[in-house]
Amino acid sequence: MAPPPLLQFLLLLLLCCDLQLCAAANVSYDHRALVVDGSRRVLISGSIHYPRSTPEMWPDLIDKSKDGGLDVIETYVFWNLHEPVQGQYDFEGRKDLVRFVKTVASAGLYVHLRIGPYVCAEWNYGGFPVWLHFIPGIKFRTDNEPFKREMQRFTAKIVDMMKQEKLYASQGGPIILSQIENEYGNVDEHYGPAAKTYINWSASMATSLDTGVPWVMCQQSDAPDPIINTCNGFYCDQFTPNSNQKPKIWTENWSGWFLDFGGRVPYRPVEDLAFSVARFFQRGGTFQNYYMYHGGTNFGRSSGGPFISTSYDYDAPIDEYGIVRQPKWGHLRDLHKAIKLCEKALIATDPTYTSLGPNLEVSNYAYYPTSCI
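Residues numbered from 1 in each chain as written. Predicted model: local features only at pLDDT ≥ 70, side-chain atom pairs only at ≥ 80, totals over all residues. Heavy atoms only, no water.

## Here's the deal with the packing of aromatic side chains
Then, in step 1: Scanning the entire structure with this criterion turns up 29 aromatic pairs.
Then, in step 2: Ring centres of Y50 and F78 lie 6.0 Å apart, and the angle between their planes is 65 degrees; this geometry places the pair in the edge-to-face category. Placement of the pair is Y50 in the loop between β4 (43-48) and α2 (58-67) and F78 in the loop between β5 (72-76) and α3 (79-82), with a sequence separation of 28 residues. For the pair Y50 and F78, a shared accessibility class is recorded, and that class is buried.
Then, in step 3: A centroid spacing of 6.2 Å and a plane angle of 55 degrees characterise the contact between F147 and Y198, whose relative ring orientation is tilted. You can see F147 sitting in helix α5 (residues 145-164) and its partner Y198 sitting in helix α6 (residues 194-208), a full 51 residues away along the chain. Across this residue pair, the class does not change: F147 and Y198 are buried.
Then, in step 4: Sitting over the face of the ring of Y312, R52 holds its NZ or CZ atom 3.6 Å from the ring centroid.
Then, in step 5: Above the ring of Y353, the side-chain terminus of R283 is found at 3.8 Å from the ring centroid. (Phe/Tyr/Trp six-rings, centres within 6.5 Å; stacked < 30°, edge-to-face > 60°. Helix = DSSP H or I, 4+ residues; strand = E, 2+ residues; numbered from the N terminus. Buried < 20%, exposed > 50% of the residue type's maximum accessible area, 1.4 Å probe, protein only. Lys NZ or Arg CZ within 6 Å of the ring centre and 35° of its normal.)

As structure tokens, this is what we get:
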């Protein structure tokens, strides 16, 4: 016997949502925050690089991140991992980017996809495949046609994969933000006038891919509209975007540092890390990401840079083996709860600041309903 019409409709609705056709979100931004479906959001993010752990670890890592108060998981995309030979792609096992993003989505968290495709990340060749070096006439990360052609091809490949699986928020998926290039502002002076044309091209190329979500460039003070320029560092409370129409975003708050052979084991006290986060939100920030939240392991020959160890633990809140690191994880979880209690006040207006003396400042968020209880 056929189910009644109302039950048929509900079943169809559930199927529709399961196929991610009913939950499409409109993601934009204004001068205060990312705006998801018309509402400004205070978002707390953490970096987990899918190839630095195993697929069997991913659900537990993501669950612990959610329990720690995160809203977003951030990851780079590693070009040389996925295209070791030109035109031959590998997305199996630890390289299964789609599976990783879907695992994040199943936990109810968002994704920030940092495509690069240059990523640095203490990763071999900065994520560039070695074959790229041998293309005639190529010059990396500048206004060079052979390089731009390959960069656009790979970036479009990743975007198309995400679209096919309906993983952008505009399609009902978890990806609310993407990044193009990576910390180019640290080196662009060495490229002369070609640096500016390259950055403008990168921005135009990325936005032309029509993902339906905003794009960012970290450490790029001249990122052209509509690209959001963002901050990386141990402290970003004093950072100001290059336009009063863009929100204050911190893409990398370094939870520790990488380990090199013969070097000291890096350590960042949680008191300092938590202070930097609280200060950032106090000073008008609304999106902050821990780099790393789980650092993991440099498997095989993936580590890059001089004497970088196989461990990429990074003194992160979740250690190399997937175990929560106390007191760092718990202290930050409690901080996140406090921040979220004041979310409505934090994004309602622009804060005003009053100095009460040396090293004493009041930040005032004028929001009259009872909001921090």
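There's more to say after this.
## With respect to the UniProt feature "domain: Glycoside hydrolase 35 catalytic" (unreviewed entry) in the protein
Then, in step 1: When the UniProt feature table is mapped onto this chain numbering, "domain: Glycoside hydrolase 35 catalytic" (unreviewed entry) sits at residues 34-338.
Then, in step 2: Taken end to end, residues 34-338 comprises 27% helix and 18% strand; its first and last C-alpha atoms sit 20 Å apart. (UniProt positions renumbered as here; feature names shortened; annotations may be inferred.)

## Observations concerning the pairing of β4
Then, in step 1: The buried fraction of β4 is high, at 6 of 6 residues.
Then, in step 2: Neither face of β4 is exposed, since L43, S45 and S47 on one face and I44, G46 and I48 on the opposite face are all buried.
Then, in step 3: Examined bridge by bridge, β4 and strand β11 (residues 287-294) share 5 bridges and lie parallel to one another. Pairing of S45 across the sheet is with N289, part of β11.
Then, in step 4: At this point the chain moves from β4, through α2, to the parallel β5, and the crossover so formed is right-handed. (Pairing = 2+ DSSP bridges. Right-handed = clockwise from strand over helix to strand, strands pointing away.)

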